[in-house]
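# Structure at a glance
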Amino acid sequence: MKELLLKYKEIIAYLFFGGLTTVVNIVVYFVCTNVLGLNYLVANAISWVAAVAFAYVTNRTWVFESKVRGFSAVLREMTTFVGCRLLSGVMDMAIMFISVDVIGIPDSVAKFITQVVVVVLNYIFSKLIIFRK
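### A look at the overall build of the protein chain
The secondary structure content of the protein chain amounts to five helices and zero strands. Traced from its N-terminal end to its C-terminal end, the protein chain shows the element sequence α-α-α-α-α. Across its three principal directions, the C-alpha atoms of the protein chain cover 45 × 40 × 25 Å. In the protein chain, the share of contacts with a sequence separation of at least 24, taken over all contacts with a separation of at least 6, comes to 68%. In the structure as shown, the protein chain presents an accessible area of about 7800 Å², 76% of it carried by carbon and sulfur atoms. Charged side chains in the protein chain number 12 positive and 7 negative. The centres of these two groups are separated by 12 Å.

### A closer look at the packing of aromatic side chains
In the structure shown here, the tally under the stated rule is 10 aromatic pairs. Taken together, a centroid distance of 6.1 Å and an interplanar angle of 55 degrees make the contact between F81 and F131 tilted. Of the two residues, F81 sits in helix α4 (residues 71–103) while F131 sits in the segment after α5 (107–130), which places them 50 residues apart along the sequence. Accessibility classification places F81 together with F131 in one group, the buried group.

### Examining unusual backbone geometry
If you check the backbone angles, E65 has positive phi at about 45 degrees while not being a glycine. For E65, the location among the structural elements is in the loop between α3 (40–63) and α4.

### Here's the deal with the nonpolar core
Y14, Y56, V63, F64, F81, I130 and F131 are the most contacted members of the largest nonpolar core, which has 16 residues in total. Elements that contribute at least two residues to this core include exactly α2 (9–35), α3, α4 and α5. With five residues, α3 is the single largest residue contributor to this core. I130 has contacts with E77, T80, F81, C84 and F125, leaving out every residue within four places of it along the chain. One finds Y40, M96, V100 and A110 within the second-largest nonpolar core, a separate group that totals seven residues.

### Some thoughts on empty space enclosed by the protein
Counted under the stated rule, the structure contains one cavity of 30 Å³ or more. Of all the elements in the fold, those that place two or more residues in the lining of the largest cavity are α2, α3, α4 and α5. Per-element accounting of the lining of the largest cavity gives the leading share, six residues, to α2. Across the lining of the largest cavity, the residue classes tally to eight nonpolar, eight polar and two charged.

### Overview of the side chain of R85
Locating R85 in the fold gives a position in helix α4. For the buried R85, no salt bridge exists, and the shortest N-O distance to an oppositely charged side chain is 9.7 Å, to D92.

Thresholds applied
Residues numbered from 1 in each chain as written. Predicted model: local features only at pLDDT ≥ 70, side-chain atom pairs only at ≥ 80, totals over all residues. Heavy atoms only, no water. Helix = DSSP H or I, 4+ residues; strand = E, 2+ residues; numbered from the N terminus. Contact = heavy atoms within 4.5 Å. Areas by Shrake-Rupley, 256 points an atom, 1.4 Å probe, with all protein chains shown as cover. Lys, Arg positive; Asp, Glu negative; His and termini not counted. Charge placed at Lys NZ, Arg CZ, Asp CG, Glu CD. Phe/Tyr/Trp six-rings, centres within 6.5 Å; stacked < 30°, edge-to-face > 60°. Buried < 20%, exposed > 50% of the residue type's maximum accessible area, 1.4 Å probe, protein only. Core = buried A, V, L, I, M, F, W, Y, C linked by side-chain atoms within 4.5 Å. 1 Å grid on protein atoms, 1.4 Å probe; cavity = no way out; pocket = protein on both sides within 12 Å on 5 of 7 lines; lining within 4 Å. Points joined across faces, edges and corners; volume = space filled by probe spheres on them. Nonpolar A, V, L, I, M, F, W, Y, C, P; charged D, E, K, R; others polar. Salt bridge = Lys/Arg side-chain N within 4 Å of Asp/Glu carboxyl O.

Set out below in structure tokens:
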């Protein structure tokens, strides 16, 4: 069992922190829509910003254990992270818009659907581009 945990440590950590990132995203989204009464696309953008900030710190520190040091190197890593997250964020917004405005799915259901797509895309971006060893 210990061997399996060590072998899949990164994936397990990503799923754990990805789950927490998703919780941050969804909680902020629902606060923005249900408490503050914001439009679902505005709320989605705000929740995306909160989730990206949380994800960068957790992915850098605990999932991919980045060894990058120095202001310019960290800034480059952060910029790449945010750039990749912008791509998945555009997918998130597009899926939300199509699901809610075109197809007519309730925004709360669409939000959960988008999170599955986003988590998978973000792992691929993080593993292959941002935190590659």
